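So you can see what is in the structure, the chains are spelled out below.
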Amino acid sequence: MFDWLIVGAGFAGSVLAERIASQRGERVLLIDKRAHIGGNAYDRHDEAGVLIHQYGPHIFHTNSEAIFGYLSKFTRWRPYEHRVLAKVDGMLLPIPINLDTVNKLFGLSLDSEGLAAWFAARAEKREEIKSSEDVVVATVGRELYEKFFKGYTKKQWGVEPSQLDKSVTARVPTRVNRDDRYFTDSHQYMPTDGYTRMFERMLDHPNIKIMLQTDFEEIRNEVDYRRLIYTGPIDEFFEFRFGKLPYRSLQFKHMTLDRPWLQPVAVVNYPQTEAYTRVTEYKHLTGQRHEKTSVTFEYPCDSGDPYYPVPRAENMELYKRYEKLALAQKDVWFVGRLATYRYYNMDQVVGQALASFRRICAEVAPPKNRALASAVAAE
């Protein structure tokens, strides 16, 4: 008999498995459909010996001391500030759009004050910001929207930006200075030995049993457990009772090149050309030294593993119907991107998992013969 069955060995499931096993002293069975732990953050050495991210680039960044401190128990860190270029009009330009982006693209010599005025002169007024198109054109105008956002967003999501919630493009800021960092969080790092090694350390506990290549549907009535934590797709848990929730998926083309470098930064976006959205070169991320370089071309698609919930009003209405069912479940917790139909950064998933653990401790008494560690309340 396991105290807990946890479905999904990504960040949400692994953090909760570690907390429950180490802090409550309870037995956990952690399962995953895939043949590895780590979820989408899984990394591996390819045939050439280059460390790559199997499911596209994962860059850790957070402003939370608590989240950074928790993960630091399982990894050392390599400082890394992420920079992205976009191939626009044949030039590689900084994204998010900043002072250098506009000056290089249009052959100008604006300063920060001049750029702010330049944006204001081109911004289109909107009575209400509803869509992803509204966010951009109301800030920088239609020309930059067409060059940097429209094509990329349409490839990524399969629909026009005008049909997507404002949250999609609101994630990418616009700057009037020369700051070309993609993120500005106080903690920006990569795990020194990779994400997979971090997960291995996190799950290295005698109270945790791991079963990979295991489908929850095939064992949900075969394994004895007291409580369940589910991090998979919420509609799948309820056998698609109200229909499937829409997701965008990704296909990855991994390639090793017989040259030391391909591009000047880790990620180059392609908003105007190519079927793929971006190309990632991993040695920029990892700091690895190697005579060859490995890259990944990323192709969005409708079918395949679910990666991104599609942020449209009708989809959220459908999710709310599933959420109502989830809230009525006894001794079942739904945690993570797929179970809550939200796009979360890695640190946000960790934060949600730690918050879920605090709720579990408040609602579920540990077995009488096992004391709850005093550290839980301070976590």
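Located above this text is the structure these notes cover.
The written sequence of each chain sets the order in which its residues are numbered from 1. A pLDDT threshold of at least 70 governs which residues receive local features in this predicted model, and a stricter bar of 80 or more applies before side-chain atom pairs are shown or counted, although totals over entire chains, interfaces and linings include all residues. The side-chain quantities take in all heavy atoms of the structure and omit both hydrogens and water.

Engineer: Can you help me understand empty space enclosed by the protein in this one?
Structural biologist: In this analysis a 1.4 Å probe is tested at points of a 1 Å grid over the protein atoms alone, and where it fits but cannot get out there is a cavity; an open set with protein on both sides within 12 Å along at least five of seven lines is a pocket; lining residues have an atom within 4 Å of a point. Grid points are joined across faces, edges and corners, and a volume is the space filled by probe spheres set on the points. According to the stated counting rule, one finds 1 cavity of 30 Å³ or more in the structure shown. Approximately 70 Å³ is the volume found for the largest cavity. Lining the largest cavity are Asp 43, Leu 51, His 53, Arg 78, Met 190, Pro 191, Thr 192, Gly 194, Tyr 195, Leu 285 and Thr 286. Looking at the lining of the largest cavity, the elements with two or more residues in it are strand S4 (51–53), strand S9 (187–191) and helix H11 (283–286). Residues are sorted three ways: Asp, Glu, Lys and Arg are charged, Ala, Val, Leu, Ile, Met, Phe, Trp, Tyr, Cys and Pro are nonpolar, and all the rest, Gly among them, are polar. Partitioning the lining of the largest cavity into residue classes produces 5 nonpolar, 4 polar and 2 charged. The helix count covers DSSP runs of H or I at least four residues long, the strand count covers runs of E at least two residues long, and both are numbered beginning at the N terminus.

Engineer: Which parts of the structure should I look at to understand the sheet that holds strand S14 (residues 278–281)?
Structural biologist: Strand pairing in a sheet relies on backbone hydrogen bonds. The paired strands run either parallel or antiparallel. The strand order S8-S7-S13-S14-S15-S12-S16 describes an open sheet built from 7 strands, whose pairing is mixed. If you trace the sheet from one side to the other, it starts and ends with strand S8 (91–95) and strand S16 (308–309), each paired once. Looking at chain direction, strand S13 (residues 267–269) and S14 are connected through 3 bridges and run antiparallel. When the bridges of S14 are listed, Val 268 appears paired with Val 279. Only when DSSP finds a minimum of two bridges between them are two strands counted as paired.

Engineer: Help me out: how do you make sense of the layout of surface pockets in this one?
Structural biologist: Remark: the empty space left among the atoms is shown by a probe the size of a water molecule rolled over them. In this structure, the largest pocket encloses a volume near 1300 Å³. Around the largest pocket, the lining comprises 48 residues; the ones closest to its centre are Arg 171, Tyr 182, Tyr 308, Tyr 343 and Asn 345. For the lining of the largest pocket, the elements supplying multiple residues, two or more each, are strand S7 (84–88), helix H6 (142–157), helix H7 (167–170), S13 and S16. For the lining of the largest pocket, the element with the highest residue contribution is H6, accounting for 6 residues. By residue class, the composition of the lining of the largest pocket is 28 nonpolar, 12 polar and 8 charged. Lining the second largest pocket are 42 residues, with Thr 231, Gly 232, Pro 233, Pro 306 and Leu 338 sitting closest to its centre. Every element with two or more residues in the lining of the second largest pocket is listed here: helix H1 (11–23), helix H10 (234–237), strand S12 (247–257), helix H13 (337–340) and helix H14 (346–363). With 3 residues, the single largest contributor to the lining of the second largest pocket is S12. Of the residues that constitute the lining of the second largest pocket, the class distribution is 18 nonpolar, 13 polar and 11 charged.

Engineer: In this structure, what is going on with the packing of aromatic side chains? I would like to understand it.
Structural biologist: The relative placement of two aromatic rings is captured by the distance of their centres and the angle of their planes. Stacked, edge-to-face and tilted labels apply to pairs of Phe, Tyr and Trp rings (six-membered ring for Trp) whose centres lie within 6.5 Å, assigned for plane angles under 30 degrees, over 60, and everything in between, in that order. Overall, the coordinates contain 29 aromatic pairs when judged by the stated rule. Ring centres of Phe 237 and Phe 334 lie 5.0 Å apart, and the angle between their planes is 85 degrees; on these two criteria the pair is classed as edge-to-face. Taken together, the positions of Phe 237 in helix H10 and Phe 334 in strand S17 (residues 332–334) put the pair 97 residues apart, joining distant regions of the chain. Comparing Phe 237 with Phe 334, the two get one shared label, buried. Here a set of aromatic residues connected by ring pairs shows up, and it is made of Phe 216, Tyr 230, Phe 237, Phe 238, Phe 242, Tyr 322 and Phe 334. Above the ring of Tyr 55, the side-chain terminus of Arg 34 is found at 4.0 Å from the ring centroid. Note on classification: 1.4 Å probe, protein chains only; a residue is buried when its accessible area is under 20% of the maximum for its type, exposed when over 50%, partly exposed between these limits. Our definition puts a charge over a ring when NZ of Lys or CZ of Arg is within 6 Å of the ring centre and also within 35 degrees of the ring normal.

Engineer: What should I look at first to understand the sheet that holds strand S1 (residues 2–7) in this one?
Structural biologist: Taken in spatial order, the 5 strands line up as S10-S2-S1-S11-S17 in an open sheet, and their pairing is parallel. The open sheet has two edge strands, strand S10 (208–211) and S17, and neither has a second partner. When strand polarity is set aside, the average angle formed by the axes of neighbouring strands in this sheet is 20 degrees. Every axis corresponds to a line fitted to the C-alpha atoms, with the helix fit spanning only the stretch in contact, and the corresponding angles, defined between N-to-C directions, vary from 0 to 180 degrees.

Engineer: Explain the packing of helix H5 (residues 132–140) against H6 here, please?
Structural biologist: The relative placement of two packed helices comes down to the angle between their axes together with the axis-to-axis distance. Where H5 meets H6, the axes come as close as 7 Å, and the angle between the chain directions of the two elements is 130 degrees. What the angle tells us is that H5 and H6 run oblique. For the pair H5 and H6, the sense of crossing is right-handed. On the side of H5, the interface is formed by Glu 133, Val 136, Val 137 and Val 140, while H6 contributes Arg 142, Leu 144, Tyr 145 and Phe 149. Split into classes, the residues belonging to the contact of H5 with H6 amount to 6 nonpolar, no polar and 2 charged. Angles below 35 degrees are treated as roughly parallel, those above 145 as roughly antiparallel, those between 65 and 115 as roughly perpendicular, and all remaining angles as oblique. By convention, the crossing between two helices is left-handed when the near helix turns anticlockwise from the far helix through less than a right angle, and right-handed when the turn is clockwise. Here, two residues are considered to be in contact whenever any of their heavy atoms come within 4.5 Å of each other.

Engineer: What am I meant to see in the nonpolar core here?
Structural biologist: Formed by 70 residues in total, the largest nonpolar core has its most connected members in Phe 11, Leu 71, Leu 144, Phe 148, Tyr 195 and Ile 229. No other element matches the 8 residues that H14 contributes to this core. The residues contacting Tyr 195, other than those within four sequence positions of it, are Phe 11, Ala 41, Asp 43, His 53, His 58, Ile 59, Phe 60, Met 190 and Met 346. Residues belong to a common nonpolar core when they are buried Ala, Val, Leu, Ile, Met, Phe, Trp, Tyr or Cys residues joined through side-chain atoms within 4.5 Å. Grouped together as the second largest cluster of nonpolar side chains are 35 residues, Val 159, Ile 234, Leu 318 and Tyr 341 included.

Engineer: Can you walk me through the side chain of Glu 298 in this structure?
Structural biologist: Inspection of the secondary structure puts Glu 298 in strand S15 (residues 293–301). Among the residues examined, Glu 298 registers a relative accessible area of 1% and is labelled buried. Here Arg 278 takes part through its side chain, which lies 3.1 Å from a polar atom of the side chain of Glu 298. Here a polar contact is taken to be a pair of N or O atoms separated by no more than 3.5 Å, where protein atoms must pair a possible hydrogen donor with a possible acceptor and residues adjacent in sequence count only if both atoms sit in side chains.

Engineer: Any chance you could explain the pairing of strand S11 (residues 225–230) here in plain terms?
Structural biologist: Within a regular strand, side chains alternate between the sheet's two faces. Pairing geometry for S1 and S11, over 5 bridges, is parallel. Along S11, the bridge assignment pairs Val 7 with Tyr 230. Across 3 bridges, the pairing between S11 and S17 is parallel. Looking at the pairing, Ile 229 lines up with Trp 333 of S17.

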